[in-house]
Amino acid sequence: LVISEKDPWAMRGYQLYGEIAAQVGTPVHVYSANRIRQNFTRLQTALGKARLCYAVKANSNLAVLRILSELGAGADIVSGGELARAIAGGIPAERIVFSGVGKTEAELHAALKAGVHQINVESIAEIDHVAGVAKALGVVAAIAFRLNPDIAADTHHKIATGRKGDKFGIDHEQMLEAAERTRRYPSLKLCGLAVHIGSQLFDLGIYRAAFTVVAGYVAELRAAGFDLTRLDLGGGMGVPYHDETPFDAEGFADVV
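Residues numbered from 1 in each chain as written. Predicted model: local features only at pLDDT ≥ 70, side-chain atom pairs only at ≥ 80, totals over all residues. Heavy atoms only, no water.

Caption draft 1: Fine view of the pairing of strand β4 (residues 74-77). Covered by surrounding structure in β4 are G74 and D76 together with A75 and I77, the residues of both alternating faces. By the bridge criterion, 3 bridges tie strand β3 (residues 53-55) to β4 in an arrangement that is parallel. By the bridge assignment, C53 is partnered in β4 with G74. Of the pairings in the sheet, the one linking β4 to strand β5 (residues 96-98) comprises 3 bridges and is parallel in character. Note on β5: the bridge partner recorded for A75 is I96. (Buried < 20%, exposed > 50% of the residue type's maximum accessible area, 1.4 Å probe, protein only. Helix = DSSP H or I, 4+ residues; strand = E, 2+ residues; numbered from the N terminus. Pairing = 2+ DSSP bridges.)

In structure tokens form, the structure reads like this:
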């Protein structure tokens, strides 16, 4: 259930929740459509022409996805189920990025057949996997390498994803080796690099450190003859559940 209230959420939120819960029972989740639009618009305004891809794993409610679709958002997905939900929510395949470890052959087949924007490759072994599915379909898969920059984010260790020992991404020392491997496959087009160093991040300095590593590898790979035209700059933007300072969208845009 998504509601669009005229009054500020801070003043009316709990009252509205109580009214709705009284009608439909509990548990019930209530989302503010206005707040979703405000947050998206603030970040989009700060970042200018960059495309915002919403992480469907955060909330795959179809009504929420439809609101974001209407705003022009893309989707970041990690499964075939999320692909189906994003499309059902009105987000076209050409605005969808398929991230995540452990993609199955069936999921890659569905994503490439639908025509997703790109596949974020998480390991050297996955290069071969994606290439094989793309060849079988007779398409060229646009891919980006998820770079593991070996940077420890200031967050809970179980939601940190950019350290060398974490299971996510290609170690930065292997970037050139991974890129050279794509030359074997006419069914692959290496378009860019991706990074995601953790969730619940508020410190812009850690983003700057990660993006600086990415920038260095963009220069190195371009010098090696790879035409990189895309950057997927991720990291979970911190939600102030307690007394944290709200995420600084404008400051983040400056870092980007």
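Now that the structure has been shown, the text picks up again.
Caption draft 2: Molecular detail of the side chain of S79. Here S79 lies in the loop between β4 and α4 (80-88). Of note is the side chain of S79, whose polar atom sits 3.4 Å from the backbone nitrogen of G81. At a separation of 3.1 Å, a polar atom in the side chain of S79 contacts the main-chain amide nitrogen of E82. When neighbours within four sequence positions are excluded, S79 is seen to be in contact with F98 and E107. (Polar contact = N/O pair within 3.5 Å; in protein donor to acceptor, adjacent residues only side chain to side chain. Contact = heavy atoms within 4.5 Å.)

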